[in-house]
Each structure stands twice: as structure tokens, then as C-alpha cells.
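Listed below, chain by chain, are the residues.
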Amino acid sequence: MLAYLLNLATLICINAVLAITLNFIMGYAGIFSIAHAIFFGVGAYTAAYFALHASASVFLAIPVAMLIAALISLVLALPALRVRGEYFVAASLGLQVLGVTVFSEWKSITGGLGGVIGIPPADVFGYDVVDPVAFLALAATCLVIVLIATTALLRSSFGRNLKAIRDSESAAHAFGKNVAVIKTLSVMLSSALAAVAGALYAFYMGFINVESFTLETSVLLMAMVIIGGTGTVAGPIVGTLLLMLLPGLFSYMSFLPQTEIGSIQQIAYGLAMVLLMIYRPGGIVGSGTRAAGKGKTA
Amino acid sequence: MSALHASIAAHDAPPPDHDVLLSIRHLRKSFGGLKVTDDVSLDLRAGIVTTLVGPNGAGKTTLFNQITGHLQPDAGEILWQGRSLLGKKHFQIARLGLARSFQDLRLFDQMTVLENVLTVMEPVSWLWQPGGRNGRSERLDRVHTILERTGLADKADTRAVDLAYAERKFLSMARILAADARIWLLDEPASGLDRSSYERFLELLRSEVQKGLTVCIIEHNLDIVIGISDRIAFLDQGRLLADGLPAQVLNDPHLAAIYFGDQAP
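Figured I'd write up the structure that's included with this text. (Residues numbered from 1 in each chain as written. Chains lettered and ligands numbered in written order. Predicted model: local features only at pLDDT ≥ 70, side-chain atom pairs only at ≥ 80, totals over all residues.)

Another aspect to go through is the overall build of chain B. Broken down by element type, chain B carries 10 helices and 10 strands. Expected size for 265 residues packed as a compact globule is a radius of gyration near 18 Å; at 19 Å, chain B falls within 12% of this value. Judged by the C-alpha coordinates and their principal axes, chain B covers about 55 × 40 × 40 Å. Long-range pairs, those at least 24 residues apart, make up 68% of the contacts in chain B between residues at least 6 apart in sequence. (Helix = DSSP H or I, 4+ residues; strand = E, 2+ residues; numbered from the N terminus. Rg over C-alpha atoms; globule rule 2.2 N^0.38 Å. Contact = placed C-beta atoms within 7 Å.)

So, about the interface of chain B and chain A. How big an interface is tends to be stated in terms of accessible area lost as the parts join. Taken together, the contact pairs 25 residues of chain B with 23 residues of chain A. Going through the elements one at a time, helix H3 (90-97), strand S6 (98-100) and helix H4 (113-120) of chain B are the ones with two or more residues in the side of chain B that touches chain A. Its residues placed into classes, the side of chain B that touches chain A shows 12 nonpolar, 7 polar and 6 charged. (Nonpolar A, V, L, I, M, F, W, Y, C, P; charged D, E, K, R; others polar.)

The next subject is the nonpolar core. By size, the foremost hydrophobic cluster in this structure holds 166 residues, and its most contacted members are Val 17, Ala 47, Ala 69, Val 196 and Ala 199 of chain A. Among the elements that line this core, the one with the most residues is helix H10 (residues 179-205) of chain A, at 18 residues. (Core = buried A, V, L, I, M, F, W, Y, C linked by C-beta atoms within 7 Å. Buried ≥ 20, exposed ≤ 12 C-beta atoms within 10 Å, placed from the backbone.)

All names here are of chain A. Packing of helix H4 (residues 74-82) against H10 leaves a shortest axis separation of 9 Å and a crossing angle of 145 degrees. At the point where H4 passes H10, the crossing takes the right-handed sense. Where H4 abuts H10, its residues Leu 76, Ala 77, Ala 80 and Leu 81 lie against Ala 180, Lys 183, Thr 184, Val 187 and Met 188. Residue classes in the contact of H4 with H10 are distributed as 7 nonpolar, 1 polar and 1 charged. (Axes fitted to C-alpha atoms, helices over the stretch in contact; angles between N-to-C directions. Left-handed = near helix turned anticlockwise from the far one by under 90°.)

Residues and elements named next belong to chain B. Backbone geometry at His 26 places phi at a positive 50 degrees, although glycine is not the residue there. Counting through the fold element by element, His 26 comes out in strand S1 (residues 20-31). Here the phi dihedral of Glu 188 falls at roughly 45 degrees; this positive angle occurs in a residue that is not glycine. Along the chain, the position of Glu 188 falls in the loop between strand S7 (183-187) and helix H7 (195-210). By the C-beta count within 10 Å, which is 19 here, Glu 188 ends up partly exposed.

This part is about the sheet that holds strand S10 (residues 239-244) of chain B. For sheets, the rule is that strands pair by backbone hydrogen bonds, running either parallel or antiparallel. All names here are of chain B. The strand order S6-S7-S8-S3-S9-S10 describes an open sheet built from 6 strands, whose pairing is mixed. With partners counted over all chains shown, the strands left at the sheet margins are S6 and S10, one partner each. Geometrically, the sheet is characterised by an average inter-axis angle of 15 degrees between neighbouring strands, direction not taken into account. Where strand S9 (residues 231-236) meets S10, 5 bridges bridge the pair, whose relative direction is antiparallel. Residue Ala 233 lies in a different strand from S10, and its bridge partner there is Asp 243. (Pairing = 2+ DSSP bridges.)

This part is about helix H13 (residues 261-279) of chain A. In an α-helix, one turn spans 3.6 residues; hence positions three or four apart end up facing the same way. With 19 residues, H13 of chain A extends 26 Å between its outermost C-alpha atoms, agreeing within 8% with the 27 Å of an ideal straight helix rising 1.5 Å per residue. By the criterion of burial, H13 of chain A is predominantly exposed, with just 0 of the 19 residues buried. (Expected span 1.5 Å × (residues − 1).)

Residues and elements named next belong to chain B. As paired strands, S1 and strand S2 (residues 34-45) are joined by 9 bridges and run antiparallel to one another. Each residue of the ladder has a partner; that of Ser 30, found in S2, is Lys 35. Hairpin connection from S1 to S2: 2 residues lie between these consecutive antiparallel strands, with Gly 32 at a positive phi of about 65 degrees. Of the strand pairs in this sheet, S1 and strand S4 (residues 75-80) are connected by 5 bridges, and their pairing is antiparallel. Note on S4: the bridge partner recorded for Ser 23 is Leu 79.

All names here are of chain B. Contact pair H4 / helix H5 (residues 132-149): the axes reach a minimum separation of 10 Å and the direction vectors enclose 120 degrees. The angle between H4 and H5 places the two elements in the oblique class. Our pair here, H4 against H5, has a crossing hand that is right-handed. Listed contacts from H5 to Val 113, Leu 114, Val 117 and Leu 118 of H4 are Arg 139, Val 143, Ile 146 and Leu 147. Looking at side-chain class alone, the contact of H4 with H5 contains 7 nonpolar, no polar and 1 charged residues. (Parallel < 35°, antiparallel > 145°, perpendicular 65-115°, else oblique.)

Rendered as C-alpha cells:
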């Protein structure tokens, strides 16, 4: 039971990092990306490759993963500068599909469909983090750092720049904001921080394959952000908790047929999304009426 | 008639110290077969209020959009203190000292009043602004001064979307004040304001003009036009039909016929 809870808590930390970083661009820059799992994946594969071939030190592997993800995110930033709203969603969907193909075909780096096995445990100051409690502490530390970093950024002038662009891109231009630079930076930051989750995941599982970085993951992350409350600090964390704890909750309901739990979960998610969008479009944490992150004027 | 206007109207031409800040030369722009700007030449002189008058669809806002870089003209030239603005990105043009307001305001709706004004003072797109802590407190002081002047001091923490109509108009003015620009392009800033709000708006504008601000304003209300204009430029169907002192332009029966239709007084 304890092992189960520790595992759940660690995965919640990792997913919360992803939801927070997705909310950073979705809720504040108005960039609705459904390719977030790709940067999770890039972080995971990079950290795994680095750990296997160079060093498993988190102080090296995580920064390298962040750097690579930030560079690759320029591929996502490019369409974000040209198109908005639903057009960008379509463009990011393309990137998601492309990314999964690369993950499953570039065998020398990603191990193809089989994935990467035998990833060494994370190394913190020469100490191997194998104990689940210790790893949870590491994941929680990363979560806190990411949360503080994103919150500080959003409260700064950079955060105001982002929100200004989200609310009216043309007015932001008219007041001297270099929208292209601001958007590119936000996508790079978000992707780099998502790679932290990827690196943690690779170290934690010891094995990764493309299954974890598919469209399904991207959609689930987006659901976490929207259900929790787009454009709020606590929203993505609440959304993560809810969507991660629900499956566990269902499996404890003994009256449900165990073989059907999966489909019951899907029905519950779907229903929750529909009801939420009708009655609380701003999410659980967001205020009732507002549609944050909605681009209005082009 | 305003004192400001009267003092300028006493001369036939603008005094020589009013240098040309922005010069539009033979500007042309078409949308498909529609000529929205048709060979327009216009000078905006320092410290002068130029009003763009003309029926709806005359191409007034389109002219603004070309000056600010939101639209690229097909032909012609726009000079800022003698240097061409063509090909510059709109944020670069804004940073030269041009600020504009929008007819539909385009406030940063989900941000607070304070944030709306503050973000305009933070031009650096990088992760932090220069000047450190001192710079930040100076900016905040300026924000509060501007909010006092625009009557929004007690609304500092209200989201822009929750403001009343006149307050939104004044927030638009507060934002443009914060830009610290040399020239303002105002797109119907006073439309829909009641008498007292309108007087406050006029007072604000006059005090800035007295400090040397250059203004180009699109306005339909003739009382306002007469109250603030030093010069009037009359546009119709993309063409500049007249550019002169208010008395000359407004008393032209031909222009009045275009503006009011044939039943003009």
C-alpha cells in the first residue's frame, strides 16, 4: 500500500510539472499546444541517453535535457508566431504526430518501439536515488522549483508581456512589445521545464518508450490544465491531482466490474469535461465566468 | 472655440517652430479593387492637433494602420523626422515614440487596471526590465500619477473587463499616457462619453498638447473637432480632399455636402 502511494505521489509530481508548464503557455500566452508530451519525451530520451553514455548526475542530465528541449521547441514556436487559436492547435497536432514517429523510428537514440532500457538511477551528489521515498523527495523538490520559477516569471514584467499578448496581440504590438521574441521565449521556457519532468520520469522508471509520449498524454495534460483552471497558479496542480487520483478511486469502488474500470474512467473524464465547460468554463480554480487564455483580438 | 485653437487659428500657417514630425507622402493602399488610401500626403507637425474628418469608410483608421506598421502601404512614403518608417515592424515604430489608441479600445481585458498601464512602461521583451528595484518603484509611481490623472486611482486592482464604459475609455487614455510617446494617434477617443467625461478627456489632452505632444485624432463629433483641432484633414473614399485650418475646412460647402449629405445646413 505504501509503495502504491509513493508511486502515485511521484507520478503526481511529474505530471504536475507538465501541467504547470503547459498552463504557462496555454493560460498566459494563449498558445494552445497539444504537443506538450513531445517535450516530456525529448526530456526523457535526452536524460536517458545522457545517463547511459555520460553521467547520471541530475545536475548534468536535467540541464542537458532542458537545453535540448528548448532548442527543439523552436519548431513549435515557429507556427505559434504565425497562427493563432485553432490553427495553431492543428499545427501542434502535426508536431505531436511527427514527434511520435521520430521517437519510434530513431532507433539509435530512442531504441525504437522497444524503448530505452537499463537507465541508471538518478545521481545526486554521488548518491544513487533508488529509494522511492528519496525519489519522491527529488521529484517534489523539482516540482517546487518549477512552481516557484514559473510563478515568479508570471508576476514579473515578462508575465505581463505574455498576458498582454494573450488579451490583445495588436495592442501589444502597438505599445512596443516584440511579440515574436516574447512568444518564442515562453515556448522555450515551457518546453525546457517540461523536460525536467521527462528527465525525472526516465530516472524513475528506468525504462521509457514512446507509449508515454503519445497524443493521449498531451490531451490528458491539456485536460488537467482546463479542468483545474487555465491561467491560474493552483489550477494545473488541482487538475493533476484530480485526474491522477480518480483512477485509484474507481478501482476502490468494489461494486464496479474490475474489467470495465478503464472505460468507466474514460466516461467519467469525458462527462466531467463537458459539465465543467458548461458550468465552470474557467475550471475548478478559475472564476466561474471567465474564459482565460481565450484570444480575442487578432 | 478653445484658447489653444484660437491662438493657432490667428495665424495662417503653423508657426515655423512646429517642425514636421511625421510626413506622409503620396501614400497608396488598395484592398483588391478598393482604393482605401489614394495618393494621400499629410504632415503632422510637432505640438499640433490634426483631426482626420470624413465619412465612415473614408480610410481614416486604415491610414493609422499604415503609419503604425499594422498595414504595409502599396506605394508612397512615411517619414518620421525625415527617416522612412516603411519596412519597420510595428513594435519598432512604437518604440520610436508613436502611440495609438483603438476604436474598439483593445484593452488587456484580463489584466488589472494597474497592470494595463504598467506593462506599457515595460518595453523590454526579455525576462527582466533594466533599472532594478529603483526602476520598478519609479514606474509604479508613474502608474499611480497616471491613474490619478485619468480618475482610475480607486480602480487600480479591477480587471479591465469589469470596468464601466467611460472607465474603459479612460484606461485606454491612461495606457497611451504611459507610453511616453511624442505622437498620439487617437481613434475616436471621445465617442460615447457624456459631457463631464468628455470635458475631462479634453482637459487631459490639452495639458499634454501644451507640453509639446503631437496628436492626430479621428473624430466625428464636430463640437469636439472644433474644440481641439489646430488643423483638419478631410478624407473621403481614400482621398485627402482638404488639409487646412479648421475654419477653412469646415466652412467649405463642398466638404459639408460630402460629410452631411445633400441636406447639409
